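Examination of the molecular architecture
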Amino acid sequence: MAARRVGGGCWQRALWLGRRCRLPGGRESYRSSSSSSAVGKTVDNSQVTQEEIVLPRRKTWDKLAVLQTLASTVKRDPTAAHYMFQDDPFLMPRNAANSRLYSLSKESGRNAAKYIIKNFPQYFDKTFAEPNVPCLMPETLTPRTEGVSEEALRERIHLRMVKESVDMFDQLLQAGTPVSLETTNSLLDLLCFYGDGEPTPEKEQEEKEDLEEPGVNDSEQKAPKRQFQSSSQSSGPRWREDNHAERIFKIMPERNAHSYCTMIRGMVKHGAYSKAYDMYIELLNERHKADVHAFNALIRAVPYLKERFVERWELVKDFLTHMAQQNVQPTLLTFNSVLKSLRRCGGVGRTMSLLVLKEMEALDIEPSLASYDHLLSVYYKGVDAKSSDIISEVLNEVEKRSFTAQDPDDASFFTTAMQVCCDLKDIKLAYQLNKALEKGDNWKFLDVDRLNGYWSKFFSLLCMMEQIEVVLKWYKEMSSSLFYPTPKNILDLLQALDAANQLEAIPSVWEDVKQLGFSRRQDLLEEFLSLMSRDQHPSEVQLAFAKCAEEIKAVHEPAGQGQVPLEWTGSALGHVVVLFSRAGRTQDAWKMMECFQKINRIPTEMVMDEFLNCAKQTNCPDEAIKMVKLAASLGLLSSQRLKSRTEEEFELSETQKKALESIKWDGDSSDSDSDSDSSDSDRE
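Residues numbered from 1 in each chain as written. Predicted model: local features only at pLDDT ≥ 70, side-chain atom pairs only at ≥ 80, totals over all residues. Heavy atoms only, no water.

1. Structural notes on the overall build of the chain
The condition that has to hold: Note on conventions: DSSP H or I runs of at least 4 residues are helices, E runs of at least 2 residues are strands, and numbering of each starts at the N terminus. Exposure classes here rest on a 1.4 Å probe applied to the protein chains alone. A residue is buried below 20% of its type maximum, exposed above 50%, and partly exposed in between. Contacts are residue-level and defined by heavy atoms, with any inter-residue pair within 4.5 Å sufficient.
Broken down by element type, the chain carries 33 helices and two strands. Out of the 684 residues in the chain, the part that is buried amounts to 40%. Sequence-distant contacts in the chain: of pairs separated by 6 or more residues, those separated by 24 or more amount to 66%.

2. What to know about the nonpolar core
Threshold: Within this scheme, the nonpolar core is defined by two criteria: the residues are buried Ala, Val, Leu, Ile, Met, Phe, Trp, Tyr or Cys, and they are joined through side-chain atoms within 4.5 Å. By convention here, the domain bounds are inherited from an automatic or database domain assignment.
In this structure, Phe413, Trp455, Phe528 and Met593 are the most contacted members of the largest nonpolar core, which totals 168 residues. Taken domain by domain, the makeup of this core includes at least three residues from each of domain 2 (366–446) and domain 3 (502–557 + 566–663). When sequence neighbours within four positions are dropped, the list of residues in contact with phenylalanine 413 reads Leu369, Tyr372, Asp373, Leu376, Val394, Leu395, Val398 and Leu433.

3. A look at a negative patch on the surface
As a reminder, the rule being used: For patches, a residue must show more than 30% relative accessible area and have no salt bridge; joins then use 9 Å for like charges and 5 Å for nonpolar side chains, namely Val, Leu, Ile, Met, Phe, Trp and Tyr. Here the accessible surface of atoms and residues is derived via Shrake-Rupley with a 1.4 Å probe, and residues count as covered only by protein chains that are part of the display. Here a salt bridge means any side-chain nitrogen of Lys or Arg lying within 4 Å of a carboxyl oxygen belonging to Asp or Glu. Under this rule, positive means Lys or Arg and negative means Asp or Glu; His and the chain ends count for nothing. Where a charge lies is defined by one atom per residue type: Lys uses NZ, Arg uses CZ, Asp uses CG and Glu uses CD.
Taken together, Glu361, Asp389, Glu393 and Glu397 make up a surface patch of like negative charges. Counting residues per element, the negative patch draws most heavily on helix α18 (residues 389–398), which supplies three residues.

4. Quick notes on a nonpolar patch on the surface
A cluster of nonpolar side chains, contributed by Tyr115, Ile116, Phe120, Tyr123 and Phe124, occupies part of the molecular surface with about 550 Å² of accessible area. In this structure, tyrosine 115 sits in helix α3 (residues 96–119).

5. Some remarks on the side chain of glutamine 656
What counts, and what does not: Whenever a nitrogen or oxygen atom comes within 3.5 Å of another N or O atom, the pair is scored as a polar contact, on the condition that within protein one atom can donate a hydrogen and the other can accept it, and that pairs from neighbouring residues in sequence are kept only if both atoms are in side chains.
For glutamine 656, the location among the structural elements is in helix α32 (residues 654–661). At 2.9 Å, the side chain of glutamine 656 and the side chain of aspartate 622 are in polar contact. Ignoring any residue separated from it by four or fewer positions in sequence, one finds glutamine 656 in contact with Pro621, Asp622, Ile625 and Glu651.

6. As for the packing of aromatic side chains
Two aromatic rings are characterised by how far apart their centres lie and by the angle between their planes. Here is the rule we go by: Stacked, edge-to-face and tilted are the three classes for Phe, Tyr and Trp ring pairs, Trp counted by its six-membered ring, which pair at centre distances within 6.5 Å; planes under 30 degrees apart are stacked, over 60 edge-to-face, the rest tilted. Here, a charge over a ring means that NZ of Lys or CZ of Arg falls within 6 Å of the ring centre while also lying within 35 degrees of the ring normal.
Per the stated rule, a full pass over the model turns up 19 aromatic pairs. Ring centres 5.6 Å apart and planes at 35 degrees place the aromatic pair phenylalanine 459 and tyrosine 475 in the tilted group. Of this pair, phenylalanine 459 sits in helix α21 (residues 448–465) while tyrosine 475 sits in helix α22 (residues 468–478), and the two are 16 residues apart along the sequence. Each residue in the set Tyr431, Tyr454, Trp455, Phe458 and Trp474 is aromatic and connected to the rest through ring pairs, giving one cluster. Between the NZ or CZ atom of lysine 59 and the centre of the ring of tryptophan 61, over which it lies, the distance is 4.4 Å. Directly above the ring of phenylalanine 193 sits lysine 269, whose terminal nitrogen or CZ lies 4.8 Å from the centroid.

7. Comments concerning the pattern of salt bridges
Under the counting rule described, the total for this entry stands at 30 salt bridges. Among the salt bridges present, the one from lysine 275 reaches glutamate 241, with a minimum N-O distance of 2.7 Å. Pair noted here: lysine 275 is in helix α11 (residues 273–285) and glutamate 241 is in the loop between α8 (225–232) and α9 (244–251), with a separation of 34 residues, a long-range link. Residue glutamate 241 is classed as exposed on the basis of its relative accessible area, which comes to 56%. Salt-bridge contacts for glutamate 551 lead to lysine 514; the nearest nitrogen and oxygen are separated by 3.1 Å. Of this pair, glutamate 551 sits in helix α26 (residues 539–555) while lysine 514 sits in helix α24 (residues 506–516), and the two are 37 residues apart along the sequence. Owing to a relative accessible area of 28%, lysine 514 belongs among the partly exposed residues under this scheme. Through salt bridges with shared partners, one network takes in Glu605, Asp609, Arg641, Arg645 and Glu649.

8. Re helix α28 (residues 586–598)
One full turn of an α-helix is made of 3.6 residues, so residues set three or four places apart face in the same direction. Note the cut-off: By this rule, a helix spans an expected 1.5 Å times one less than how many residues it contains.
The terminal C-alpha atoms of α28 lie 19 Å apart, and with 13 residues this matches the ideal 18 Å at 1.5 Å per residue to within 8%. Taken residue by residue, α28 has Thr586, Ala589, Trp590, Met592, Met593, Cys595 and Phe596 as its buried positions. Taken from the residues just after α28, asparagine 600 is the one with a positive phi, measuring 55 degrees.

9. With respect to the side chain of glutamate 526
Structurally, glutamate 526 can be placed in helix α25 (residues 522–534). For the buried glutamate 526, which has no salt bridge, the nearest side chain bearing the opposite charge is arginine 601, at an N-O separation of 9.4 Å. For glutamate 526, the side chain forms a polar contact with the side chain of threonine 569, separated by 2.5 Å. With residues near it in sequence (within four places) discarded, glutamate 526 still touches Thr569, Ser571 and Ala572.

10. Thoughts on the layout of surface pockets
To locate leftover empty space, one rolls a probe as large as a water molecule over the atoms. Heads up, the condition is: Only protein atoms enter the 1 Å grid used here, on which a cavity is any set of points holding a 1.4 Å probe that cannot leave and a pocket is any open set flanked by protein within 12 Å on both sides along at least five of seven lines; residues with an atom within 4 Å of a point are listed as lining. Grid points are joined across faces, edges and corners, and a volume is the space filled by probe spheres set on the points. Residue type decides the class: Asp, Glu, Lys and Arg count as charged, Ala, Val, Leu, Ile, Met, Phe, Trp, Tyr, Cys and Pro as nonpolar, and the leftover types, Gly among them, as polar.
The calculated volume of the second largest pocket comes to roughly 1300 Å³. When contributions to the lining of the second largest pocket are tallied by element, the ones reaching two or more residues are α2 (65–72), α20 (427–437), α21 and α22. Looking at the lining of the second largest pocket element by element, the count peaks at four residues for α22. Of the residues assigned to the lining of the second largest pocket, the class counts are 15 nonpolar, six polar and nine charged.

11. Here we look at the UniProt feature "repeat: PPR" (unreviewed entry) in the chain
To keep things clear, this is the line we draw: UniProt positions are given in the numbering used here, feature names are shortened, and annotations may be inferred rather than shown by experiment.
With numbering aligned to this structure, UniProt lists the feature "repeat: PPR" (unreviewed entry) at residues 256–290. With 74% helix and 0% strand, residues 256–290 has its two end C-alpha atoms placed 10 Å apart.

12. Observations regarding empty space enclosed by the protein
Here the structure, examined in full by the defined rule, presents one cavity of 30 Å³ or more. By volume, the largest cavity amounts to about 90 Å³. In terms of lining residues, the largest cavity is bounded by His82, Phe85, Ser99, Val448, Leu451, Asn452, Ser480, Ser481, Leu482, Phe483 and Tyr484. At three residues, the largest contribution of residues to the lining of the largest cavity is made by α21. Of the residues assigned to the lining of the largest cavity, the class counts are six nonpolar, five polar and no charged.

13. Remarks on the packing of helix α27 (residues 570–582) against helix α29 (residues 605–617)
Which entries qualify depends on this criterion: Axis geometry follows a simple rule: fit a line to the C-alpha atoms, using only the stretch in contact for helices, then measure angles between N-to-C directions, giving values from 0 to 180 degrees. The scheme is simple: roughly parallel for angles under 35 degrees, roughly antiparallel for over 145, roughly perpendicular for 65 to 115, oblique for anything else. Less than a right angle of anticlockwise turn of the near helix away from the far helix marks a crossing as left-handed, whereas a clockwise turn marks it as right-handed.
It is the contact of α27 with α29, at a shortest axis distance of 9 Å, that shows an interaxial angle of 20 degrees. The orientation of α27 with respect to α29, classified from their angle, is roughly parallel. Here the hand of the crossing between α27 and α29 comes out left-handed. Where α27 abuts α29, its residues Gly574, Val577, Val578, Ser581 and Arg582 lie against Met606, Val607, Glu610, Phe611 and Cys614. The class makeup of the residues in the contact of α27 with α29 is six nonpolar, two polar and two charged.

14. Some details on unusual backbone geometry
For aspartate 364, which is not glycine, the phi torsion reads 60 degrees and is therefore positive. Topologically, aspartate 364 is positioned in the loop between α16 (346–362) and α17 (369–380). Of note, asparagine 619 is a non-glycine position whose phi angle comes to about 55 degrees, a positive value.

15. Points about the environment of leucine 543
Residue position: leucine 543 is located in helix α26. Considering only alpha carbons, one finds leucine 543 and leucine 579, 36 residues apart in sequence, at a separation of 8.5 Å.

16. Concerning helix α30 (residues 621–633)
Between its terminal C-alpha atoms α30 stretches 18 Å, which fits the 18 Å expected from 13 residues at 1.5 Å a residue. Positive backbone phi, approximately 70 degrees, marks glycine 635, located one or two places after α30.

What follows is the structure, encoded as structure tokens:
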């Protein structure tokens, strides 16, 4: 009973402690019992307020939310190459050229696989994937509709079979079967996009034209139109006279605005700018209205239609006026096309580009990265601009947003902006640009080639403007992971080390040079040897320098079949002799001294003095005598001074003294010859 009473009391106390009772006024009281079971006192706590439990609304998560969260926890490995090269460690690139070659090789392999699937679909009729993911499976590229009919024509147009589509269209016309306007327009779309050629992976990629005019400045009033046309026509298929698109367009019994707009866009895409403008005039005469895509194409073609900068801007304004008259709403690509044309309008472009951005703001159209790229090109390319106001304002806007791709030229912004930072020599702007690059998904705009160019320019700017500790920190984090240093980057790094008086780091840089495959670059070798041999360093550093010199010496020697050794220069040979001499390697230094006669070069006095100092430290008088003989055989004026140094600074044996005295001097022989000639003349 006592135990039951105790257990019941504990349960009741727990029940009273956990129960809430609501009092008038919204207050809550908590009833509790004291430690004494005899005194059942109730305590009201009027200070405790009610706590309402608010259930959160149900949130719908994105399908990739978990993966994105996991990806945010992973940081970049500064020792790893780009992720596209992780599949095959034997094909890890060593430099930028290898990186480009391997990335193009992988893309070429994908294109080859697509070609096999397209041309031999009968071998890929079975699906073993479980579960089956349709978007990852090969596309069905074989027509299923037999016979000659409009439905079969539409299927071939959908499969982008250019030649088969044209042939079937001609067969339908020969059979007297009318083709609907919609189907004919679809065929025109296909022909104008591919330019009468079969679709290939290379043609499907939009090719970026060369946008800049060389040597444009404010004083220019006329632009070389022919040069632009030749540059724009240098790549990609050209618009042929009387091609299938023009032929089909001419025989169409009925044409609508879509037909004209398709022809205009195709002609601009493939370089027929004058024909596109004539087609637009014909569209106006037929009282049709162009769409926004046709106007965008015509605005991009303006630099090829007019020669003078002012005339170009006037034509752009005419197109914009026509858009307003035809109630065509401009889009982001419209304004980007205007800015793209202003890049070829010299001083007119710099005057009008900011007005274009203000018009975009008035229409509530946010600029894309391509808009800012065109703006920077207008203000900073081809002009000796020193003001950083424009790019500073641009970066202030860019670093606030995470951009998505809306224009093919978006990908050029970051490399263009970094080049402007380098031209202005403004490291703060470069850091701000890096911050904008890390914002959201902005880093996706840099592919492998652009990524290497971007960081290469940034590193050159670091070497020029930053402290050496900061430079080496960035070099360690970026090298071979974000970019592959170019020979220019290595030269910039060596100059930065020289300016900071930290030449002891040169051996580690030389190891990177060997890994990058630049060990046979003559300009790099000369710079390395010049910096290492210029000043005297502690013995440990000199030994490391001598090791580098030995590896450079091996590059100049025959290594195997098919590899041509580098030719020695007099300066490089002298630097190697100095490095070997300061490291106490007398025999190696003498072997290099013998090479001067082989390549018909003359060592400098500093080189010979360093060799004599080395011979003195290692107690090698025989090598000193050989040095004197070499100087005498080359007819150097310093040979007598070297002989005197050898006699004074070395303990010579009788044999060595005789060998030193037996050296014939070119000056003595010439003097004797002159004496004999003078005596003969006296006799006469």
